[in-house]
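Chain by chain, the residues run as shown.
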Amino acid sequence: SQSLVLPALLMVQEEHGYISEDAMKYVGKLLDVPFGHILGVVTFYTMLHRKPIGKHHIEVCTNVSCMLRGADKIVEHLENRLGIKMGETSKDRKWTLSEVECMGSCGTAPMFAVGDEYDENLTPEKIDKLIADLGRK
């Protein structure tokens, strides 16, 4: 039943938008898996969220290649543009900004992902256009 933990947690998150402690306990009881294991899975996978996130979740890679190619300036621009800091969600729940480890686009750094979409070779101008486009959705 441990092999069902991740799929079950993904289903919970899809239904509720995040995985609460009560949901973790429920999944553990349902699958007869200790709470500690469930918590370990939730905290290990960055795609699982323990609190509600914004409609548009921007995950910025800040690993070595991206950092060397200006990820710090990308983060600063996003924070200023969205009015939130890294790890925060906007009050209107439209935006969440997260820092992530390598996403495998080292040759096209700096980059971020919004949902399943990767945006690479980022510049402040490109970010402004992407944010404006997303803001209309």
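Residues numbered from 1 in each chain as written. Predicted model: local features only at pLDDT ≥ 70, side-chain atom pairs only at ≥ 80, totals over all residues. Heavy atoms only, no water.

1. Considering the overall build of the protein chain
Here is step 1: Of regular secondary structure, the protein chain possesses six helices and four strands.
Here is step 2: With respect to the three principal axes, the spread of C-alpha positions in the protein chain is 50 × 30 × 20 Å.
Here is step 3: Considering the protein chain as a whole, with its 137 residues, one finds that 39% of them fall into the buried category.
Here is step 4: Summarising the internal contacts of the protein chain: among those between residues at least 6 apart in sequence, 60% fall at separations of at least 24.
Here is step 5: When the accessible surface of the protein chain is summed, it comes to about 8,200 Å², and 53% of that surface belongs to carbon and sulfur atoms.
Here is step 6: Across the protein chain, the centroid of the 16 positively charged side chains sits 5 Å from that of the 20 negatively charged ones. (Helix = DSSP H or I, 4+ residues; strand = E, 2+ residues; numbered from the N terminus. Buried < 20%, exposed > 50% of the residue type's maximum accessible area, 1.4 Å probe, protein only. Contact = heavy atoms within 4.5 Å. Areas by Shrake-Rupley, 256 points an atom, 1.4 Å probe, with all protein chains shown as cover. Lys, Arg positive; Asp, Glu negative; His and termini not counted. Charge placed at Lys NZ, Arg CZ, Asp CG, Glu CD.)

2. Thoughts on the layout of surface pockets
Here is step 1: Each pocket or cavity is described by its volume, and for the largest pocket that value is around 320 Å³.
Here is step 2: Surrounding the largest pocket, 15 residues form its lining, Gln13, Met47, His49, Gly115 and Asp116 being those nearest its centre.
Here is step 3: Put simply, the parts of the chain that give the lining of the largest pocket at least two residues each are helix 1 (5-16) and strand 1 (56-61).
Here is step 4: Space inside the second largest pocket adds up to approximately 260 Å³.
Here is step 5: What lines the second largest pocket is a set of 17 residues, and nearest its centre among them are Thr46, Leu48, His49, His57 and Ser98.
Here is step 6: Residue assignment for the lining of the second largest pocket shows that the elements contributing at least two residues are helix 3 (35-44), strand 1 and strand 2 (95-100).
Here is step 7: Residue contributions to the lining of the second largest pocket peak at four residues, all from strand 2.
Here is step 8: Looking at side-chain class alone, the lining of the second largest pocket contains five nonpolar, eight polar and four charged residues. (1 Å grid on protein atoms, 1.4 Å probe; cavity = no way out; pocket = protein on both sides within 12 Å on 5 of 7 lines; lining within 4 Å. Points joined across faces, edges and corners; volume = space filled by probe spheres on them. Nonpolar A, V, L, I, M, F, W, Y, C, P; charged D, E, K, R; others polar.)

3. Remarks on the nonpolar core
Here is step 1: Ile58, Val60, Leu78 and Phe112 are the most contacted members of the largest nonpolar core, which totals 16 residues.
Here is step 2: Breaking this core down by element, the ones donating at least two residues are strand 1, helix 5 (71-82), strand 2, strand 3 (112-114) and helix 6 (124-135).
Here is step 3: Leave out the neighbours within four places in its chain, and phenylalanine 112 touches Ile58, Glu59, Val60, Leu78, Glu117, Tyr118, Asp119, Leu122, Ile127 and Leu130.
Here is step 4: Listed in part, the 14 residues of the second largest apolar core include Ile19, Val33, Val41 and Leu48. (Core = buried A, V, L, I, M, F, W, Y, C linked by side-chain atoms within 4.5 Å.)

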